[in-house]
Amino acid sequence: MFLYSDDRRMTDFRQQFLALDKLLRKHRNYWHCQPFVNAPEWADKVDFLNEIDDDRIHLAQASDSALLQLFQGQFPELCEHIAELSTIPARQSETPSHTPPFVPGRKWQQIESFANCIKPLSHPTLEWCCGKAHLSRYLSQLSASEAHGLEIDAALVAAGNALAQKAQQPVHLIQMDVLDSPAVHHISSKCHVVGLHACGGLHRKLLTDATAQQAARLSYSPCCYHKFLDRAFQALSAEGQNSELQLTLADLRTAVRQNSTAGSAERRRHHQQQRWRLGFDELQRELRQVDQYLPTPPLPASALQQDFEYYCRLLGEQKKLHLPAGINFSAFEQRGRERYRAVIRQELIRALFRRPLELWLVLDQILFLQTAGYHCELTSFCPQSVTPRNLLVDAYRQH
């Protein structure tokens, strides 16, 4: 197991990274595919899931432990290996307090858990992509010191500064696109840079800027690894750059294909949308006489409140595809429903590798930080039921 010992010495992150790299290379055909677009060559390996009811399938989509349990009988050695490589120690957090009226409940749980896991605070904090700076204000309470935040949205900056002023807290937000070069000048060697769920290129910029300025400490939880990348993904560490994986943006999306926090109404809308998209895909293949997936633009939520025929004709207009009279829309809707039932089961074996992929990405960042002279710790700061993106990297500059 790759766990911390009692004295919390640093784990061998490089060994864990290389083991994950080997696992992902060996089983690449299972996760480097898109069942929604075309049935994978190994589709028959999940035929046993046809006997599993949809409720258990949806539970496995939301929970890594339920997912491993579902495949344990079919792939015992693989599941055991994934569980071993994906085990991350959890930091103990204090019981959440009363949620402020201006912060959604689950978001406040994330803020409190994250903040309590990085105590004690020894330096002024700079929050990366801070929004209204709810985290910064809470950290300022914990440390009784000033805090700053960088945020691109002017309305959020104004609202955050107003909240800080009302509470008489030493928190100041600055309007700034962190992807621009000047952002680096807000970091100093006496600075503690924090980031809760800064997406993709945003948290990568946090790492490169903070290490360039030799920030005293970095504490961040990465999210949505595929977003805000201006070019193809490139690993940060030497080990990642030498890997044969060469991940695509679609692969990076696989790492975050999990939603354990959506409400029942949101899940129903998602399932309906996916069934209708696949029903339209069956239709367009027949009309075009091309057995190939046709990417479609997102439609407004109101389209789902109409019937399937309306949905298809709207997509047809978007794709300049003529839909003649006499189409049996009920039949194509049923085909979409059947195909979706197969797709969500095929997606599950792909999902087995979502946590290994995410850890590969995070460990690549940790190896980069270690090379830059930082002592790093990797833990989970809250349960996945609070947020599936629950990894916390805490890095201290070594002197």
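Given the structure is predicted, the values throughout are model-derived calculations rather than measurements.

In terms of backbone geometry, most residues other than glycine have negative phi values and most peptide bonds are trans. Backbone torsion omega between Lys119 and Pro120 reads 0 degrees, so that peptide bond is classified as cis. Relative to the assigned elements, Pro120 resides in the loop between α6 (105-117) and β1 (125-128). Of note, the phi angle at Cys129 is positive, near 55 degrees, even though the residue is not glycine. Assignment of secondary structure puts Cys129 in the loop between β1 and α7 (134-143). Judged by its relative accessible area of 24%, Cys129 falls in the partly exposed class. Of note in the backbone geometry, Gln246 takes a positive phi value of approximately 50 degrees without being a glycine.

Moving on to the packing of aromatic side chains. Two numbers describe a pair of aromatic rings. These are the distance of the centres and the angle of the planes. Taken as a whole and judged by the stated rule, the model has 13 aromatic pairs. Seen from their ring centres, Phe48 and Phe71 are 5.9 Å apart, and the 80 degrees between their planes marks the pair as edge-to-face. With a gap of 23 residues between them, Phe48 in the loop between α2 (28-31) and α3 (54-62) and Phe71 in helix α4 (residues 64-71) connect regions that are remote in the sequence. With relative accessibility at 27%, the residue Phe48 sits in the partly exposed group.

Another aspect to go through is the packing of α3 against helix α14 (residues 329-351). Contact geometry of α3 with α14 gives a least axis separation of 10 Å together with a crossing angle of 40 degrees. Taken as axis vectors, α3 and α14 run oblique relative to one another. In the packing of α3 onto α14, the handedness of the crossing is left-handed. In this structure, α3 contributes Asp54, Ile57, His58, Ala60 and Gln61 to the contact, and α14 contributes Arg341, Ile344, Arg345 and Leu348. Here the contact of α3 with α14 is built from residues that sort into four nonpolar, two polar and three charged.

A water-sized probe, rolled over the atoms, reveals where empty space remains. Per the stated rule, a full pass over the model turns up two cavities of 30 Å³ or more. In terms of lining residues, the largest cavity is bounded by His203, Arg204, Tyr225, Phe233, Leu252, Leu361, Asp364 and Gln365. Sorting the residues of the lining of the largest cavity by element identifies α9 (200-212) and α15 (354-371) as the ones contributing at least two each. If you tally residues by element for the lining of the largest cavity, the top one is α15, at three residues. By residue class, the composition of the lining of the largest cavity is four nonpolar, two polar and two charged. Its boundaries defined by the atoms lining it, the second largest cavity holds a volume of some 40 Å³. Lining the second largest cavity, in full, are Arg277, Phe280, Asp281, Gln284, Tyr293, Leu294 and Thr296. A per-class count over the lining of the second largest cavity returns three nonpolar, two polar and two charged.

Time to look at helix α8 (residues 154-166). Spanning 13 residues, α8 covers 18 Å between terminal C-alpha atoms, matching the ideal 18 Å at 1.5 Å per step. Of the residues making up α8, those classed as buried are Val157, Gly160 and Ala164. End-on view of α8: buried residues confined to an arc of 70 degrees, all on one side of the axis. The outward face of α8, more than 90 degrees from its buried face, is lined by the exposed residues Ala155, Gln165 and Lys166. Looking at the packing, one finds that the buried side of α8 touches α7, β2 (147-151) and β3 (171-175). Phi turns positive one or two residues past the end of α8, at Gln168, with a value near 55 degrees.

This part is about the confidence of the model for the protein chain. Interpretation of this model should avoid reading the predicted coordinates in detail wherever pLDDT is low. Here the protein chain shows a mean pLDDT of 91. Residues at 70 or above account for 94%. This model gives residues 1-10 a pLDDT under 50, and the stretch forms 27 contacts once residues within four places in sequence are excluded.

We now examine the sheet that holds strand β7 (residues 391-397). Strands belonging to one sheet form pairs held by backbone hydrogen bonds; the direction of such a pair is parallel or antiparallel. A sheet is described by the order of its strands in space; here seven strands give the open sequence β3-β2-β1-β4-β5-β7-β6, paired in mixed fashion. Only two strands of the sheet have a single partner each, and these edge strands are β3 and β6 (374-380). Between one strand axis and the next, the sheet turns through 15 degrees on average, direction left out of account. Judged from the seven bridges that link them, strand β4 (residues 192-199) and strand β5 (residues 217-223) form a sheet pairing that is parallel. Residue pairing across strands places Val194 opposite Ser219, the latter belonging to β5. Lying on the sheet, α9 is in contact with β1, β4, β5 and β6; it crosses β4 at an angle near 160 degrees.

Note that Ser219 resides in strand β5. A relative accessible area of 0% means that Ser219 is categorised as buried. Beyond its immediate sequence surroundings of up to four residues, Ser219 is in contact with Phe114, Ile118, His192, Val193, Val194, Gly195, Leu392, Val393 and Asp394.

Scoring rules and cut-offs
Residues numbered from 1 in each chain as written. Predicted model: local features only at pLDDT ≥ 70, side-chain atom pairs only at ≥ 80, totals over all residues. Heavy atoms only, no water. Helix = DSSP H or I, 4+ residues; strand = E, 2+ residues; numbered from the N terminus. Buried < 20%, exposed > 50% of the residue type's maximum accessible area, 1.4 Å probe, protein only. Phe/Tyr/Trp six-rings, centres within 6.5 Å; stacked < 30°, edge-to-face > 60°. Axes fitted to C-alpha atoms, helices over the stretch in contact; angles between N-to-C directions. Parallel < 35°, antiparallel > 145°, perpendicular 65-115°, else oblique. Left-handed = near helix turned anticlockwise from the far one by under 90°. Contact = heavy atoms within 4.5 Å. Nonpolar A, V, L, I, M, F, W, Y, C, P; charged D, E, K, R; others polar. 1 Å grid on protein atoms, 1.4 Å probe; cavity = no way out; pocket = protein on both sides within 12 Å on 5 of 7 lines; lining within 4 Å. Points joined across faces, edges and corners; volume = space filled by probe spheres on them. Expected span 1.5 Å × (residues − 1). Arc of directions from axis to C-beta. pLDDT = per-residue confidence, 0-100. Pairing = 2+ DSSP bridges.

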